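Structural features, examined
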Amino acid sequence: MKAIVVTDQAAGTAGMKLMERPEPQGSALANLSGANYGDVIVQVHASGFTGDELSWPSTWIDRLGRDRTPSIPGHELAGVVTALSYGTTGLSVGQRVFGLTDWTRDGTLAEYVAVEARNLAPLPGDVDFTVGAALVMAGLTAWQGLFEHGRLRAGQSILVHGAAGVVGSMATQLAREAGAYVIGTGRAAGRQTALDFGAQEFVDLDNDALEDVGEVDLVFDVLGGDIAKRSAGVIRAGGTLVTIAGPTEARPSGGLTIDFVVVPDRVQLSEVVQRARNGRLRTNIGKVATLDDAVAAFNPTERIKGKTIIRGSERVTRRLAA
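Basis of the calculations
Position numbers for residues count from 1 along each chain, tracking the sequence in the order it is written. Totals for whole chains, interfaces and linings use every residue, but because this is a predicted model, local features are given only for residues with pLDDT of at least 70 and side-chain atom pairs only at 80 or more, for both listing and counting. Here the side-chain values reflect all heavy atoms present in the structure, with hydrogen atoms and water set aside. Here a helix means four or more residues in a row that DSSP labels H or I, a strand means two or more in a row labelled E, and each is numbered from the N terminus. Only protein chains enter the accessibility calculation, which uses a 1.4 Å probe; a residue is then buried when its area is under 20% of its type maximum, exposed when over 50%, and partly exposed in between. Any two residues having at least one pair of non-hydrogen atoms within 4.5 Å are treated as being in contact. A pair is scored as a salt bridge if a Lys or Arg side-chain nitrogen falls within 4 Å of a carboxyl oxygen belonging to Asp or Glu. Axis geometry follows a simple rule: fit a line to the C-alpha atoms, using only the stretch in contact for helices, then measure angles between N-to-C directions, giving values from 0 to 180 degrees. For classification, angles of less than 35 degrees are called roughly parallel, those exceeding 145 degrees roughly antiparallel, those between 65 and 115 degrees roughly perpendicular, and all remaining angles oblique. Definitions for this section: a left-handed crossing has its near helix turned counterclockwise from the far helix by less than a right angle. A right-handed crossing has that turn clockwise. Classification convention: Asp, Glu, Lys, Arg as charged; Ala, Val, Leu, Ile, Met, Phe, Trp, Tyr, Cys, Pro as nonpolar; all other residues, Gly among them, as polar. Two strands form a pair only when DSSP identifies at least two bridges running between them.

Let's talk about the environment of glutamine 9
Examined against the element boundaries, glutamine 9 turns out to sit in the loop between strand E1 (2-5) and strand E2 (17-20). The class for glutamine 9 is partly exposed, based on a relative accessible area of 41%. Taking C-alpha positions, glutamine 9 is 9.5 Å from proline 57, a pair spaced 48 residues apart along the chain. Sequence-distant contacts of glutamine 9, defined by excluding residues within four places in its chain, comprise Leu54, Ser55 and Trp60.

Quick look at the pattern of salt bridges
A complete count under the given rule lists 18 salt bridges for this structure. Across the pair arginine 230 and glutamate 211 runs a salt bridge whose closest N-O atoms are separated by 3.1 Å. Separated by 19 residues along the polypeptide, arginine 230 in helix H4 (residues 225-232) and glutamate 211 in the loop between strand E10 (201-204) and strand E11 (216-221) bring together distant segments of the chain. For glutamate 215, the salt bridge identified is with arginine 236, shortest N-O distance 3.9 Å. Of this pair, glutamate 215 sits in the loop between E10 and E11 while arginine 236 sits in strand E12 (residues 235-243), and the two are 21 residues apart along the sequence. Residue arginine 236 is classed as partly exposed on the basis of its relative accessible area of 29%. Connected via shared salt-bridge partners are Glu177, Glu271, Arg275 and Arg280.

Things to note about the packing of helix H1 (residues 129-149) against helix H2 (residues 166-177)
One can describe the packing of H1 onto H2 by two numbers: an axis separation of 8 Å at closest approach and a directional angle of 55 degrees. In terms of their interaxial angle, H1 and H2 are classed as oblique. Viewed along their axes, H1 and H2 form a crossing whose handedness is right-handed. Residues Ala134, Leu135, Ala138, Gly139, Thr141, Ala142, Trp143, Leu146 and Phe147 of H1 touch H2, and the partners they reach there are Val166, Val167, Met170, Ala171, Leu174 and Ala175. Per-class residue counts for the contact of H1 with H2 are 13 nonpolar, two polar and no charged.

Describing the pairing of strand E5 (residues 96-100)
With four of five residues buried, E5 is to be regarded as a mostly interior element. Strand direction decides the pairing type here: strand E4 (residues 76-84) and E5, joined by five bridges, are antiparallel. Bridging from a neighbouring strand, valine 80 pairs with arginine 96 of E5. As paired elements, E5 and strand E7 (residues 120-122) share three bridges and run antiparallel to each other. Its bridge partner being in E7, glycine 99 is matched across the sheet by leucine 120.

Set out below in structure tokens:
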């Protein structure tokens, strides 16, 4: 099968290569091999890639610390199940699915991928594969940050950093729907995008004073560093700072700081996709390219706003059309 492969962490996205790799074998899933128990094979129709993924240890080593290169990156996908492992329930061959794959296994920038069935949710037939793939990482991250860790409730106020970005725009929409008052932040160029996604106010982090926003109940942070530390100062007593930017010393007065990593969740994926179906949630897609053009897509000559989604290779497309 065709796949995007990385072997050199220092090279970053410039080190990506389109190569032929062994295809996951459906026949191997039919036995009782523990390594495959609970897996399904998915023909990938659309996939996503997170910008800092090549800095994650899990891209380069397995859970036992062993080198696992050449690695196939990408953990967000939408596609069709082509094979089931022994004992798998809840999914069927030919079913449309979307979800998040394991960090320490070969990923979704490929024609096929082996995934634990529990990490996938059914993708309704009226949701395009491209939209499905774009919902996975951003949708789960926003949902878990707001509702699991942030405990956001109607009537509360929230400061969403990077509100024009892929995750921030999703968090903004979900927070507004939940009845919160949303203040977005970012660079001046992102102001209108953040407002279009539902932010009721916008703070230009380059020119406005963050401290002027007053007090909020929750901060959803994607930036870390000095911004996270300053954000702790605008959280009212007992409030929460939720961050996906890594551990931070920032602490709101009398409140909590929660640093988390997104996890797969079938129920939450179903909640997110239902909102997309009825128009309550929009994806933030900036570019769509085929797997054959993925290396160029992840090494653009100019900044791409929004998520880059990779469609199945031309070879997969021809199989679907046959």
